[in-house]
Amino acid sequence: MIDQATIEGIIRILLVCIIITAAYIISTRNLLSVVSVYSLQSLTLVGIALALWSLEGSIILLAIAVVTFVSKVIIIPYFIATIQEKIRIKRDIEFHYLNPTTSLILSMALMLVIYMALSRIMQGTPARESLFFFGAVLGISLMLMGMMVTFSRKRTITKVLGFLSMENGVLLFGMFVTELPFIIEFLIIIDLIILVILTTILSVGIDSTLEDYHKRLHRFHLLEESEETP
Amino acid sequence: MILIAFVLVSVLALIIIAATHNHRQMNTACIMQALIFAALAAYLVLFQQVPVVSFLVGSQYFFIDHLGLFEVLIATVIFACAAVYARGYVEGLLESGELEKGSLKLFYMAWALLLLVIVLAFFSDNLALFWIFAELTTIISAMLIAILAARDNIDAAIKYIFVASVSMLFAFVGFIFLFEISRVSLGTGTLNWTVLMQHAAVFSPGMMIASFVLVFIGFAAKSGIFPFHTWLPEAHAKAPSAVSAILSGVLLNVGIYGIIRVYAIVHQTTAISTIAPMLAGFGLLTIGIAAFSMLPQKNLKKLVAFSSVENMGIMLVGLAISTPVALFWVLFHIMAHSLTKASLFFSSGILHRQYRSRFSADAADEIVDVFRLQPLAAWGIILGGLAIIGMPPFPIFFSEFFIMLQLGTVSLWALGVMLVLLFIAAGGLGYFVLTTFTHVSEPVTPSDIEPYRTPASMKVPIIFLLALLLVIGIVLPAGGMEFLNQIVTELKF
């Protein structure tokens, strides 16, 4: 058995990795690599869950690791990559409101604010080990960084990835702060999968330049509008 | 057993819809589902000891109390009316080619599933379970909006999904906080509302504030409260009118319901002194934004949608007063608003079929000769409009009146602001009706608009709902009042 200090060290390193992936998702313009980075982020999450499991021995953490691995490392990224090939968009270079640099600076500021807010809120609760507090702060930060992606990108498919990354943040936060019943974690994954399927299918309608979609617009006499927003 | 009955009926409806290719049969399945649901809920109210304890119900996952039943009753009535309305309305969509025949099955399956999920959400004791069902309602109803497959609709649906789901994740973090709060004070963590209510008094107020604020973000987005209301007007205006009625009459209630449940927990801690002013502030802001957006509005469905935002604000203000009387009238307002708003969307759906401009759903409605072409819808809008701005004898008059009376005891300033804003909102609605409904073409050359032959199934729900509202407003049934009182007691106000 590896001793506790080593595991805690590993967890710290993995947490830093998560933040790096989040920063990458905010700043990159290449869609395919966003998907693989998301997959990597989920994998890191699996690693953290496993490390926590070896620390605490709670079987729920192991279950979370397995479910996360199957759904978020394999199924969802695969599904999104397939859709992406279909709509033939490789790059997402349009941003609303925020460009990557400002987003990055903003997320650093956010992390600071969250750190201060959480340390105030958690003051009253039983002494939090520094590692768990650190995890909670990064969980919320990841969530807000994901939110920035969701609202600053124009393509629906990148928005979905931002949302997914947000959800990873929630999972991270949940893992460090408390032990939720497994059934809840599981149901959230189901919810996530449905949401991803629906939004990506809809995004085929919005993002694609497929002939088929134009035909539809013709039928509704809506083509004039579609030319304004190609 | 009763929950299984609900699920079984829905499964049956889904099977019928999947098996048939006939629009009428699918529609009948949905009408029957809603009616049976309503009958089951009525049975529970009349013949069962509430809170009900039976298989699965009363366990740690589900429970049936008065508030849940109340919401389910509203939901089933609206769903039944909307399903009847959809019979004629969807037929029209099919004829004009706006809805593809292939999407029909998906539409009705999503419809039946939505009702089931909403009922399960209202009967969830576990808050996390409730959260998941509420999330599912967002996703399924977004499908119903996107079903028309016009670019506008997909845009609106995607905006709805993202604004609502992103905010709902915040609510989930709020629930994680709540779980941790209960673990700290009770030893074992729980998200069961009934357990939380029993022990709420010992929860630490500081954590409670953080938890409530996060939960509020989520459910405020779900119920269209400022500043998370941005998805609402678009989604409501672009959706097929039968769906708009459900969105406004039932789905917004899911959000308010969530807020009420968690607020009831907060109400027992000292955190209430921080939370209540916050709610009142957001409520007034919501009313204000809605009122000023209604004023210049030229599109009828958007106007009605903004009026929903306004009413959510009123409920929030009523909740913030946090006296038993105010809560009572907030509950009454939820019911009155749902019924009124559904009838308004039904009427504007008829006008939309008659005058819709094919080029953009945002364009101003070009309404002419409305009393000659669509007399019922015109009167539906006028009467429904009077009802929604709170004219007696319609029920909203009573709820708004008493909420404002209670508000006056807390702060006269807030009362003044709210009164002015309500007048502005009413003015916006009145102005729209006055300017558009008086357009009459020259008597010598009657306009060449073909009257839209409104099927009877689209007229019946409007008449039914308006009649129901009048009856409730004039009689104020004592049994119903008693029922609401029991909810207030259960929420420990």
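If you're wondering where the values come from, they're calculated on a predicted model, not measured in any experiment. (Residues numbered from 1 in each chain as written. Chains lettered and ligands numbered in written order. Predicted model: local features only at pLDDT ≥ 70, side-chain atom pairs only at ≥ 80, totals over all residues.)

Undergrad: An account of the overall build of chain B is needed here, citing residue identities and associated values.
TA: Secondary structure assignment for chain B yields 19 helices and 0 strands. The C-alpha radius of gyration of chain B comes to 22 Å, within 12% of the 23 Å expected for a compact globule of 493 residues. For chain B, the spread of C-alpha atoms along the principal axes amounts to about 80 × 55 × 45 Å. Across the 493 residues of chain B, 59% fall into the buried class. Sequence-distant contacts in chain B: of pairs separated by 6 or more residues, those separated by 24 or more amount to 80%. (Helix = DSSP H or I, 4+ residues; strand = E, 2+ residues; numbered from the N terminus. Rg over C-alpha atoms; globule rule 2.2 N^0.38 Å. Buried ≥ 20, exposed ≤ 12 C-beta atoms within 10 Å, placed from the backbone. Contact = placed C-beta atoms within 7 Å.)

Undergrad: Residues and numbers for the overall build of chain A, please.
TA: Counting secondary structure elements, chain A contains 9 helices and 0 strands. Helices and strands in chain A line up, N terminus first, as α-α-α-α-α-α-α-α-α. The burial tally for chain A puts 38% of its 230 residues in the buried class.

Undergrad: Account for the domain arrangement of chain B, with residues named and values stated.
TA: Residue and element names in this part refer to chain B. What the domain assignment lists for chain B is domain 1 (1-125), domain 2 (146-270) and domain 3 (277-493). For domain 1 versus domain 2, the distance between C-alpha centres works out to 22 Å. Breaking the side of domain 1 that touches domain 2 down by element, the ones donating at least two residues are α3 (66-96) and α4 (103-122). Per element, the largest residue contribution to the side of domain 1 that touches domain 2 is 10 residues, and it comes from α3. Residues of the side of domain 1 that touches domain 2, tallied by class, amount to 16 nonpolar, 2 polar and 3 charged. (Domains from an automatic or database assignment. Nonpolar A, V, L, I, M, F, W, Y, C, P; charged D, E, K, R; others polar.)

Undergrad: How would you summarise α4(B) if you had to cite specific residues and measurements?
TA: When the terminal C-alpha atoms of α4(B) are compared, their 29 Å separation across 20 residues agrees well with the 28 Å that a helix rising 1.5 Å per residue should span. Counted residue by residue, α4(B) has 15 buried out of 20 residues, so it is predominantly covered. (Expected span 1.5 Å × (residues − 1).)

Undergrad: Describe unusual backbone geometry, and please don't skip the residues or the numbers.
TA: A negative phi angle characterises most non-glycine residues, just as the trans form characterises most peptide bonds. Residues and elements named next belong to chain B. Omega for the bond connecting F226 with P227 falls within 30 degrees of zero, at 0°, which places this linkage in the cis form. Its place among the elements puts P227 in the loop between α8 (205-222) and α9 (231-238). In this structure, the amide linkage connecting P392 to the following residue, P393, adopts the cis form with an omega of 5°. Looking at the secondary structure, you find P393 in the loop between α15 (375-388) and α16 (395-410). The phi angle at S322 is positive, at roughly 50°, despite the residue not being glycine. Examined against the element boundaries, S322 turns out to sit in the loop between α12 (300-321) and α13 (324-355). Of the residues examined, S322 has 21 C-beta atoms within 10 Å and is grouped as buried. With phi around 45°, L476 is a residue other than glycine that occupies positive phi space. With respect to the element layout, L476 can be found in the loop between α18 (456-475) and α19 (478-490).

Undergrad: Give me the packing of α12(B) against α13(B): which residues, what numbers.
TA: α13(B) packs onto α12(B) with a crossing angle of 180° between their chain directions and a minimal axis gap of 10 Å. With respect to their mutual orientation, α12(B) and α13(B) come out roughly antiparallel. (Axes fitted to C-alpha atoms, helices over the stretch in contact; angles between N-to-C directions. Parallel < 35°, antiparallel > 145°, perpendicular 65-115°, else oblique.)

Undergrad: Give me the packing of α3(B) against α18(B): which residues, what numbers.
TA: Helix packing geometry: the angle between the two helix axes and the distance between the axes. Residue and element names in this part refer to chain B. Between α3 and α18, the shortest axis-to-axis distance is 6 Å and the interhelical angle comes to 150°. If you check the angle between α3 and α18, you find them roughly antiparallel. The element α3 and its partner α18 pack so that their crossing is left-handed. From α3, C81, V84, Y85, R87, G88 and Y89 reach across to α18, where they touch S457, M458, V460, P461, F464 and L465. In terms of residue class, the contact of α3 with α18 is made up of 9 nonpolar, 2 polar and 1 charged. (Left-handed = near helix turned anticlockwise from the far one by under 90°.)

Undergrad: Talk me through the environment of Y355(B); I want residue IDs and the actual numbers.
TA: Residue placement: Y355(B) occurs in helix α13. In the structure, Y355(B) is positioned 97 residues away from Y452(B) in sequence and 8.8 Å away in space, judged by C-alpha atoms.

Undergrad: How would you explain the environment of L43(A) if you had to name every residue and give the values?
TA: Structurally, L43(A) is set in helix α2 (residues 31-56). Through-space distance from the C-alpha of L43(A) to that of I193(A) is 17 Å; in sequence the pair is 150 residues apart.

Undergrad: Account for the environment of F79(B), naming residues and giving values.
TA: Residue and element names in this part refer to chain B. Note on placement: F79 falls in helix α3. Exposure remark for F79: the 29 C-beta atoms within 10 Å place this residue in the buried category. Each C-alpha atom, one on F79 and one on A242, is 9.1 Å from the other, the two residues being 163 residues apart in sequence.

Undergrad: Outline the confidence of the model for chain A, listing residues and values.
TA: All names here are of chain A. Summarising the model, chain A shows a mean pLDDT of 76, and 79% of its residues fall at 70 or more. Ranking the helices and strands of chain A by mean pLDDT puts α2 first, with 85, and helix α9 (residues 223-228) last, with 39. Here residues 219-230 is a poorly scored stretch, pLDDT under 50, and it has 14 contacts once near neighbours within four places are set aside; other chains count. (pLDDT = per-residue confidence, 0-100.)

Undergrad: Got a sec to walk through the nonpolar core? Specific residues and values, please.
TA: Residue and element names in this part refer to chain B. In terms of nonpolar packing, the biggest core is built from 258 residues, with I78, A82, V119, A157 and F175 touching the most fellow members. Per-element tally for this core: the top contributor is helix α6 (residues 151-186), with 22 residues. Not counting the four nearest positions on each side in its chain, I78 is found in contact with A245, I246, G249, V250, S338 and A342. (Core = buried A, V, L, I, M, F, W, Y, C linked by C-beta atoms within 7 Å.)

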